[in-house]
Amino acid sequence: MGESGGRARGPAKEHRTVSRVTTILETVAADPHGVRLSVLAGALDAPKTSVHGLVKGLVATGYLQEQGGAYLLGPAVGALLPTPGTPLVDAARPTMQKLRAEFDETVMLGTLVGDSVVYLEAIESTQLIRYSAPLRKRRPLYPTSIGKCLLANLDRASREAYLRERFPDPEERDRVERELADIAADGIAYNRGETVPDVSAVAGPVLSHRADAGTAAVSIAGPTTRVADRLDEMATAMRAAVQEITYRLR
């Protein structure tokens, strides 16, 4: 009765690293204007060098974001929890509903979380056969259509670091870089069966400067047999849609 899985149960004990991480998050959450590394080091009573690695790890996974030398809560805090009613979701939902009504395919809103994409909201197609989006789960940035939009609008250093790690072959990396350059210029990304063989999608970035909006994009996805001939039409509607969402976020 006192064991589970071959290991004795006992009272929970504080873990030093876990305590430091939670203290960092709680300290940052208490100040909406951002907290500098020196303040975090003081809160932990630890050297800056020790705290720096923890903070950068939290930035890399999306739990913190850095702005002007200060740290704020990152998109992972909200993206991985069922917390509707954020400014981004509220701004996007009416437009997403219009897109679903126009094409009757699944419409998704995704955001950048570390080096992944997380879907915050989805309005699914009413058709029996449809794409069903997994919410609040980390997914690879590439080759999802939303992820491509996020990558194309990422700062150059972060984008190049991502591509170097995931595309060690220079020719393949060059191909992806050219694709992302086209997406940045055109404002539209496509996924023609690259993630799921029978699903195609089109996406556009929501380019807002609001800190609470994060980096986001919207996509329309459905069975390739149904949407392949409508991707250009969807792309035109998507350009107008993301402009509408961005306007609401001003």
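Above this note sits the structure.
The structure presented is a predicted model; accordingly, all values stated were derived computationally and were not measured.

Draft legend 1. A look at the overall build of the protein chain. Counting its regular elements, the protein chain contains 10 helices and 11 strands. Summarising its shape, the C-alpha atoms of the protein chain cover approximately 60 × 50 × 40 Å along the three principal directions. Scored against the burial criterion, the 250 residues of the protein chain give a buried share of 42%. For the protein chain, the share of sequence-separated contacts (at least 6 apart) that also reach a separation of at least 24 residues comes to 57%. Carbon and sulfur atoms provide 52% of the accessible area of the protein chain, an area that totals close to 13400 Å². Computed over 31 positive and 31 negative side-chain charges, the inter-centroid distance for the protein chain is 5 Å.

Draft legend 2. The sheet that holds strand S10 (residues 199-206), seen in detail. Across the sheet, six strands lie side by side as S8-S7-S6-S11-S10-S9; this open sheet has antiparallel pairing. On the outer flanks of this sheet lie strand S8 (138-140) and strand S9 (189-192), each paired with one strand and no other. For this sheet the average axis-to-axis angle between neighbouring strands, irrespective of direction, equals 35°. As defined by bridge partners, S10 adjoins strand S11 (residues 216-223) across eight bridges and the pair is classed as antiparallel. Residue pairing across strands places Val 199 opposite Pro 223, the latter belonging to S11. Packing of helix H10 (residues 231-248) onto the sheet brings it into contact with S9, S10 and S11, and relative to S10 it is tilted by some 30°.

Draft legend 3. Structural view of the pairing of strand S6 (residues 106-113). Burial analysis of S6 places eight of its eight residues in the buried class, the great majority of the element. Of the two faces of S6, the one lined by Thr 106, Met 108, Gly 110 and Leu 112 and the one lined by Val 107, Leu 109, Thr 111 and Val 113 are each fully buried. When S6 meets S11, the two strands line up antiparallel, connected through six bridges. Paired with Leu 109 across the bridge in S11 is Val 218. Pairing analysis gives seven bridges linking S6 to strand S7 (residues 116-123), with the strands arranged antiparallel. From the neighbouring strand, Leu 109 faces S7, where its bridge partner is Glu 121. Remark: two residues form the turn of the hairpin made by S6 and S7, two consecutive strands paired antiparallel; Gly 114 in that turn has positive phi of roughly 65°.

Draft legend 4. Inspection of the packing of aromatic side chains at higher detail. Taken as a whole and judged by the stated rule, the model has one aromatic pair. Judged by centre distance (5.4 Å) and plane angle (90°), the rings of Tyr 142 and Phe 167 are edge-to-face. Placement of Tyr 142 in the loop between S8 and helix H6 (145-152) and of Phe 167 in the loop between helix H7 (156-166) and helix H8 (170-186) is noted, with a sequence separation of 25 residues between them. We note that Tyr 142, like Phe 167, is buried.

Draft legend 5. Structural view of unusual backbone geometry. Cis peptide bonds are those with omega within 30 degrees of zero, and the linkage from Tyr 142 to Pro 143 qualifies with 15°. Inspection of the secondary structure assignment puts Pro 143 in the loop between S8 and H6. Unlike most non-glycine residues, Asp 45 shows phi in positive territory, near 50°. Within the fold, Asp 45 resides in the loop between helix H2 (37-44) and helix H3 (48-60). In this structure, Asp 104 takes a positive phi of about 50° despite not being glycine.

The rules behind each value
- Residues numbered from 1 in each chain as written.
- Predicted model: local features only at pLDDT ≥ 70, side-chain atom pairs only at ≥ 80, totals over all residues.
- Heavy atoms only, no water.
- Helix = DSSP H or I, 4+ residues; strand = E, 2+ residues; numbered from the N terminus.
- Buried < 20%, exposed > 50% of the residue type's maximum accessible area, 1.4 Å probe, protein only.
- Contact = heavy atoms within 4.5 Å.
- Areas by Shrake-Rupley, 256 points an atom, 1.4 Å probe, with all protein chains shown as cover.
- Lys, Arg positive; Asp, Glu negative; His and termini not counted.
- Charge placed at Lys NZ, Arg CZ, Asp CG, Glu CD.
- Pairing = 2+ DSSP bridges.
- Axes fitted to C-alpha atoms, helices over the stretch in contact; angles between N-to-C directions.
- Phe/Tyr/Trp six-rings, centres within 6.5 Å; stacked < 30°, edge-to-face > 60°.

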